[in-house]
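# Structural description and commentary
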Amino acid sequence: APHLPPPLLPIPPFRSASTLLQCAAIKMMMRSFLPTASKMVVPYRSFSSQRVGGIYKTLASGYDMPMFSLGTWKAKAGLTGAAVELAIKTGYRNIDTANDYNNEAEIGVALKKVMDEKIVKRDELFIQSKLWNSNHRPEHVEADLDQTLKDLQLDYVDMYMIHWPQAAPATGKQASTRVDGAIADHHSKNPMFPLDDEGYYCADVESHYIETWQKMEELVDKGKVKSIGLSNFNKTQIEEVVAIAKKPVDLLQNESHVYLQQKDLIDQCNFRNIVFQSFSSLGSGDTNYASYASPTGTIPLRDAHINALAEKYGKGPGQIMLRWGIQRGISVVSKTTTPKRVVSNFDIWDWELSEEDMKSFDQLNCGWRHLLWGEVSHHPDYPFKDELPYGYVLEKCSNFAPGQGKTD
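Residues numbered from 1 in each chain as written. Predicted model: local features only at pLDDT ≥ 70, side-chain atom pairs only at ≥ 80, totals over all residues. Heavy atoms only, no water.

Another aspect to go through is the overall build of the chain. If you tally the helices and strands in the chain, you get 11 helices and 13 strands. In the chain, buried positions account for 54% of the 408 residues. Long-range pairs, those at least 24 residues apart, make up 74% of the contacts in the chain between residues at least 6 apart in sequence. (Helix = DSSP H or I, 4+ residues; strand = E, 2+ residues; numbered from the N terminus. Buried < 20%, exposed > 50% of the residue type's maximum accessible area, 1.4 Å probe, protein only. Contact = heavy atoms within 4.5 Å.)

This is the structure:
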């Protein structure tokens, strides 16, 4: 029987040079326990490297990804670029973007500025973006990416995800990007969120994400993306993609926070050597899109247990939840455009939560998802049908700029 590696250790906090040397020694020790066959699958929970940008993990594609990312969903125009610039100067190296957020052009200006000023080199950044729902058809995929690259002023992105499994809102007739309108409008205007004559989202029911994924793989071969992944997919859909994938599924980005801990999904990702990444890692604050209140009667940032821990450790509630995510071994995305929070959210590397306090988060896992988006549930690939209320009736579009929102 092959030698097995020793039990995995908790991810250590980001401390000193001596800690880095200790981690390097542990990694060398781990390699001695692993088989040397050339086709060996690298375990998901390989030890992280630590450097500027925090903790990194090696994706199945072989590229290193910083596990902490600045989010830009619902980041207000005019504030997003400054937040990105400050984040990179603070030490962030992973920036999460998407065409439908309608702010990639502003982000591109900030990226160019910090690179021109030699604050950071391109290969020191990890930029991730997403394919929008209206462009799932293979002939439309590259047009979506090309607009993102143009807006970001980049030759490639490090990670490109299928944003949602369902091709809705979509007509399937032609590609639609930010320049066509990152808003909901009548389908005749070809916006990214097309509506039918009655005000419901259009759905391209003849499009399926398997064909989309296969086109995504071609983008890797062209050098326009380094790694590819999924977002908002459920367990069954992930398995369907994994079964046909010629390129590894490197990342799964789904909503996850203390009220929606996604333990089964994380276990599945660990088994499949997929890095799990949380969005809305703080529960999306007061800008959440929940159609019903959480069972706790509050939001994670105001949760009594979280705030008690914050007082205990002398940190903010957001820092407590972000550190919890990192200690779970997952990647976290956290959005803010408030300068002091950009800095404080990243101040999570030189301290850690105790084992007892980490276990205490289990009591908060009530299954509250704020982003159900039932308005697109009429597409057969909609991922959360079993979470819709009994007797749910399809709703018309009520948010005409869902990728954008008020600042925090």
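This paragraph deals with the packing of aromatic side chains. The full count for this structure, using the stated rule, is 17 aromatic pairs. Between tryptophan 164 and tryptophan 373, the ring centres sit 5.3 Å apart and the planes meet at 65 degrees, which makes this aromatic pair edge-to-face. Residue tryptophan 164 is located in the loop between β7 (157–162) and β8 (184–186), and its partner tryptophan 373 is located in the segment after α11 (355–360); the two are separated by 209 residues in the primary sequence. We classify tryptophan 164 as buried; its relative accessible area is 3%. With 6.1 Å between their ring centres and 40 degrees between their planes, tyrosine 313 and tryptophan 351 make a pair best called tilted. Within this pair, whereas tyrosine 313 is found in helix α8 (residues 304–313), its partner tryptophan 351 is found in the loop between α10 (339–345) and α11, the two being separated by 38 residues in sequence. The exposure class assigned to tyrosine 313 is partly exposed, which follows from its relative accessible area of 22%. Using a relative accessible area of 9% as the deciding quantity, one classes tryptophan 351 as buried. (Phe/Tyr/Trp six-rings, centres within 6.5 Å; stacked < 30°, edge-to-face > 60°.)

Between α8 and helix α9 (residues 317–327), the least distance of the axes is 8 Å, while the angle of their chain directions is 95 degrees. On the basis of their axis angle, the class for α8 and α9 is roughly perpendicular. Contact residues: Ile306, Asn307, Leu309, Ala310 and Tyr313 in α8; Pro317, Ile320 and Met321 in α9. Along the lines of polarity and charge, the residues of the contact of α8 with α9 split into 7 nonpolar, 1 polar and no charged. (Axes fitted to C-alpha atoms, helices over the stretch in contact; angles between N-to-C directions. Parallel < 35°, antiparallel > 145°, perpendicular 65-115°, else oblique. Nonpolar A, V, L, I, M, F, W, Y, C, P; charged D, E, K, R; others polar.)

Attention shifts here to the pairing of strand β10 (residues 225–231). Most of β10 is tucked away: 6 of the 7 residues are buried. Across 5 bridges, the pairing between β7 and β10 is parallel. Paired with isoleucine 162 across the bridge in β10 is leucine 230. With 3 bridges joining them, β10 and strand β11 (residues 251–255) adopt parallel strand pairing. The residue of β11 that forms the bridge with serine 231 is glutamine 253. (Pairing = 2+ DSSP bridges.)

Listing the buried residues of α8 in full gives Ile306, Leu309 and Ala310. Taken end-on, α8 shows its buried residues confined to a sector of 105 degrees, consistent with a single buried face. In α8, the exposed positions angled more than 90 degrees off the buried face are occupied by Ala304, Glu311 and Lys312. The backbone nitrogen of histidine 305 lies 2.9 Å from a side-chain oxygen of the residue at the head of α8, namely aspartate 303. After α8 finishes, the residue glycine 314 shows a positive phi value of roughly 70 degrees. (Arc of directions from axis to C-beta. Polar contact = N/O pair within 3.5 Å; in protein donor to acceptor, adjacent residues only side chain to side chain.)

All told, the structure shown has 20 salt bridges when counted by the stated rule. For lysine 113, the salt bridge is made with glutamate 117, and the minimal N-O distance between the two is 2.8 Å. On the basis of relative accessibility, which here comes to 33%, the residue lysine 113 falls in the partly exposed class. Residue class for glutamate 117 comes out partly exposed when judged on its relative accessible area of 41%. (Salt bridge = Lys/Arg side-chain N within 4 Å of Asp/Glu carboxyl O.)

On to helix α7 (residues 263–271). Listed as buried for α7 are Leu265, Ile266, Gln268, Cys269 and Asn270. Once α7 ends, the next one or two residues include asparagine 273, with phi positive near 60 degrees.

Next up on the list: the sheet that holds strand β6 (residues 126–131). In spatial order, the strands read β4-β5-β6-β7-β10-β11-β12-β13; together these 8 strands close into a barrel with parallel pairing. Within the sheet, the average angular offset between the axes of one strand and its neighbour, ignoring direction, is 30 degrees.

The next subject is unusual backbone geometry. Cis geometry marks the peptide bond from alanine 168 to proline 169, where omega comes out at 5 degrees. Relative to the helices and strands, proline 169 is located in the loop between β7 and β8. A positive phi angle is found at lysine 74, which is not glycine, with a value near 70 degrees. Structurally, lysine 74 is set in the loop between β4 (68–71) and α2 (80–90). Judged by relative accessible area, which is 2%, lysine 74 ranks as buried. In this model, asparagine 190 sits at a positive phi of 55 degrees, which is unusual for a non-glycine residue.

So, about the packing of helix α5 (residues 209–221) against helix α6 (residues 235–244). Two numbers describe a pair of packed helices, the interaxial angle and the distance between the axes. For the pair α5 and α6, interaxial distance at closest approach is 10 Å and the crossing angle is 45 degrees. Taken together, α5 and α6 sit at an angle that is classed as oblique. The two elements α5 and α6 cross, and the hand of that crossing is right-handed. Counting all contacts with α5, which are made through Tyr209, Ile210, Trp213 and Gln214, the residues of α6 involved are Gln237, Glu240, Val241 and Ile244. Taken together, the residues that form the contact of α5 with α6 break down as 5 nonpolar, 2 polar and 1 charged. (Left-handed = near helix turned anticlockwise from the far one by under 90°.)

Here we take up the environment of aspartate 158. Examined against the element boundaries, aspartate 158 turns out to sit in strand β7. Taking the C-alpha atoms as reference, aspartate 158 lies 9.7 Å from aspartate 64; in sequence the two are 94 residues apart.

As a further point, take the nonpolar core. Core analysis: the biggest nonpolar cluster contains 75 residues, and Leu111, Tyr160, Leu230, Leu252 and Phe361 have the highest contact counts within it. Examining the composition of this core, we find that 6 residues originate from one element, α5, more than from any other. If near-sequence neighbours (up to four positions away) are discounted, leucine 111 is found in contact with Val84, Ile88, Leu125, Ile127, Leu152 and Leu154. (Core = buried A, V, L, I, M, F, W, Y, C linked by side-chain atoms within 4.5 Å.)

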